[in-house]
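Results of the structural survey
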Amino acid sequence: MIEELKYHKSRIIEVVNESPKVKSIILKTTLAKPAPGQFVMVWVPGIEEIPISPSYYSDGIVRLTIARVGDTTNRIHHMKSGDVLMLRGPHGRGFNLNLKGRYLLVAGGYGAAPLIYALRELVSKGRRVAYAIGARTREELLFIEEARNMNVKLHIATEDGSEGYRGFVTELVEEVIEEYDNVLACGPELMLFKIMNICLSRGIKCQLSIERFIKCGLGICGSCALEPSGLRVCRDGPVFYAEELKGTDFGRYYTLPSGIRVRIGDVKNYSV
Ligand SMILES: Cc1cc2nc3c(=O)[nH]c(=O)nc-3n(C[C@H](O)[C@H](O)[C@H](O)COP(=O)(O)OP(=O)(O)OC[C@H]3O[C@@H](n4cnc5c(N)ncnc54)[C@H](O)[C@@H]3O)c2cc1C
Ligand code: FES
């Protein structure tokens with residue numbers, strides 16, 4: 001069987017509350033090691049399959065950090081040690097962690113998941129790296145302690161000012177960006193669009209992990225295609241260089257599962 005089509009029966013060994021809406025599910029698995037930024041399809045038997053980018057992997061232990069936003073993620077939030085999830089993958093293209101220079105990792109919301117994994121790998125390679133994270137309040141900031149334990153520089157922004165800079169993480173990034181050569185970012189699409197433009201205008205290399213509606217995850221169905229380039233988020237991404245996204249509908253339009261295109265920000269039910 002083609003490895004990508006194979007389901008790995010994976011057992012939950014621990015559940016960690018990360019914030020009021022986010023839990024980490026730690027599983028023992030036979031899944032191959034994902035590169036940071038790749039994703040796995042998580043099948044909740046009896047419900048559906050959803051894409052999730054692991055926040056940690058080592059020796060057959062994978063961590064999935066999941067925000068509760070709808071039926072499937074709600075069901076996962078109610079799971080306990082001993083319960084089973086079926087994983088397939090890893091899929092797609094992850095972050096390139098072999099570029100020269102200093103790295104700034106910019107996270108918004110559950111976008112922190114692939115970035116804390118990338119941070120760990122970059123630190124183990126001896127790279128100079130910093131972690132910037134934004135949230136509405138301090139309770140929603142993810143992986144601050146984990147990043148502190150890796151002794152990296154932190155740039156924290158909260159909208160209510162309860163920790164760090166008061167305002168958006170994109171404003172903070174604009175203040176510190178000149179200290180870095182590479183930016184990796186994951187978070188809400190309008191945040192990523194802003195980061196992309198900040199980097200393009202300064203000639204700073206930028207990789208963005210983006211979302212579109214994933215059905216097959218294999219590059220076959222076209223559900224996740226960016227227009228007009230036809231780049232498939234599940235296969236050519238989910239991590240793209242800023243230059244690849246220029247001129248596509250990224251940051252402007254999202255294609256719903258029905259095929260209808262909507263302006264980013266217009267459809268409240270969609271996390272983009
Ligand atoms: C490459 C990739 C990596 C992701 N990594 C993470 C992660 O690490 N942690 C995390 O919490 N979330 C992650 N997500 C988002 C996650 O897949 C959705 O939150 C989840 O599918 C919601 O399912 P639901 O049934 O709970 O909610 P629903 O009510 O079905 O949907 C809520 C919102 O989730 C999004 N969504 C739903 N189904 C899909 C789908 N099949 N593909 C893409 N988006 C969908 C839509 O924006 C939708 O409005 C990732 C998405 C992608 C594309
Ligand atoms: S989800 Fe089917 S082509 Fe990407």
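A brief report on the enclosed structure follows.

Calculation notes
- Residues numbered from 1 in each chain as written.
- Chains lettered and ligands numbered in written order.
- Predicted model: local features only at pLDDT ≥ 70, side-chain atom pairs only at ≥ 80, totals over all residues.
- Heavy atoms only, no water.
- Helix = DSSP H or I, 4+ residues; strand = E, 2+ residues; numbered from the N terminus.
- Rg over C-alpha atoms; globule rule 2.2 N^0.38 Å.
- Buried < 20%, exposed > 50% of the residue type's maximum accessible area, 1.4 Å probe, protein only.
- Lys, Arg positive; Asp, Glu negative; His and termini not counted.
- Charge placed at Lys NZ, Arg CZ, Asp CG, Glu CD.
- Pairing = 2+ DSSP bridges.
- Contact = heavy atoms within 4.5 Å.
- Axes fitted to C-alpha atoms, helices over the stretch in contact; angles between N-to-C directions.
- Parallel < 35°, antiparallel > 145°, perpendicular 65-115°, else oblique.
- Left-handed = near helix turned anticlockwise from the far one by under 90°.
- Nonpolar A, V, L, I, M, F, W, Y, C, P; charged D, E, K, R; others polar.
- Salt bridge = Lys/Arg side-chain N within 4 Å of Asp/Glu carboxyl O.
- Expected span 1.5 Å × (residues − 1).
- Core = buried A, V, L, I, M, F, W, Y, C linked by side-chain atoms within 4.5 Å.
- Domains from an automatic or database assignment.

A few words on the overall build of the protein chain. Scanning the protein chain from terminus to terminus reveals 6 helices and 16 strands. Taken over the C-alpha trace, the protein chain has a radius of gyration of 18 Å; the compact-globule value for 272 residues is 19 Å, and the two agree within 12%. With the C-alpha coordinates of the protein chain rotated into their principal frame, the extents come out at 45 × 45 × 35 Å. Burial statistics for the protein chain: of 272 residues in total, 52% are counted as buried. Each charge class in the protein chain was averaged separately, 36 positive and 31 negative side chains, and the resulting centres sit 3 Å apart.

We now examine the sheet that holds strand 8 (residues 103-108). Think of a sheet as strands paired side by side through backbone hydrogen bonds, with each pair either parallel or antiparallel. Read from one edge to the other, the open sheet built from 7 strands follows the order 11-10-9-8-12-13-14, with strand pairing classed as mixed. Sheet topology places strand 11 (165-166) and strand 14 (239-241) at the edges, where each strand pairs with a single neighbour. When strand 10 (residues 153-158) meets strand 11, the two strands line up parallel, connected through 2 bridges. Looking across to strand 11, one finds that Ala157 is bridged to Tyr165.

Turning next to the environment of Gly82. Inspection of the secondary structure assignment puts Gly82 in the loop between helix 1 (71-77) and strand 7 (84-91). The spacing of Gly82 and Arg11 is 71 residues in sequence and 5.8 Å in space, taken between C-alpha atoms. Look past the residues within four positions of Gly82 in its chain and what remains in contact with it is Arg11 and Ile12.

On to the packing of helix 4 (residues 169-176) against helix 5 (residues 189-202). Running from N to C, helix 4 and helix 5 cross one another at 15°; their axes reach a closest spacing of 10 Å. As summarised for this structure, helix 4 and helix 5 are arranged roughly parallel, according to the angle between their axes. Relative to helix 5, the crossing made by helix 4 is right-handed. Residues Val169, Thr170, Val173 and Glu174 of helix 4 lie in contact with helix 5, whose contacting residues are Met191, Lys194, Ile195, Ile198 and Arg202. Here the residues of the contact of helix 4 with helix 5 are counted per class, giving 5 nonpolar, 1 polar and 3 charged.

A side chain with one charge may pair with a side chain of the opposite charge, provided their charged atoms come close. Following the criterion strictly, the structure yields 16 salt bridges and no others. A salt bridge links Arg88 to Glu49, with the shortest nitrogen-to-oxygen separation between them at 2.8 Å. Of this pair, Arg88 sits in strand 7 while Glu49 sits in strand 4 (residues 49-52), and the two are 39 residues apart along the sequence. Here Arg88 and Glu49 have matching classes, each one buried. Put simply, Arg138, Glu145, Arg148 and Glu163 are held in one network by salt bridges that share partners.

To continue, consider helix 2 (residues 112-124). Taking 1.5 Å per residue as the helical rise, helix 2 with its 13 residues ought to reach 18 Å, and the 18 Å between its terminal C-alpha atoms agrees with that figure. Listed as buried for helix 2 are Ala112, Ala113, Pro114, Leu115, Ile116, Tyr117, Ala118, Leu119 and Leu122. Looking at the buried residues of helix 2, the elements they touch are strand 5 (56-58), strand 6 (61-67), strand 8, strand 9 (129-135), helix 3 (144-149) and strand 12 (182-186). Two residues or fewer after helix 2 comes Gly126, characterised by a positive phi angle close to 80°.

This part is about the nonpolar core. Among the nonpolar cores identified, the biggest contains 35 residues, and Leu104, Val106, Val183, Ile195, Leu208, Ile210 and Leu245 are the most heavily contacted of them. Elements represented by at least two residues in this core include exactly strand 3 (39-43), strand 8, strand 9, helix 4, strand 12, helix 5, strand 13 (205-209) and helix 6 (242-245). Per-element tally for this core: the top contributor is helix 5, with 6 residues. Counting only domains with at least three residues in this core, you end up with domain 2 (95-209) and domain 3 (210-272). Among the nonpolar cores identified, the runner-up in size contains 29 residues, and Leu97, Ala112, Leu122 and Val152 belong to it.

Glancing now at the pairing of strand 1 (residues 8-19). Examined bridge by bridge, strand 1 and strand 7 share 4 bridges and lie antiparallel to one another. Each bridged residue has a counterpart across the sheet, and for Lys9 the counterpart in strand 7 is Met86. With 7 bridges joining them, strand 1 and strand 2 (residues 22-28) adopt antiparallel strand pairing. The residue bridging Val16 from the neighbouring strand is Ser24, located in strand 2. Following strand 1, the chain reverses through 2 residues before pairing antiparallel with strand 2.

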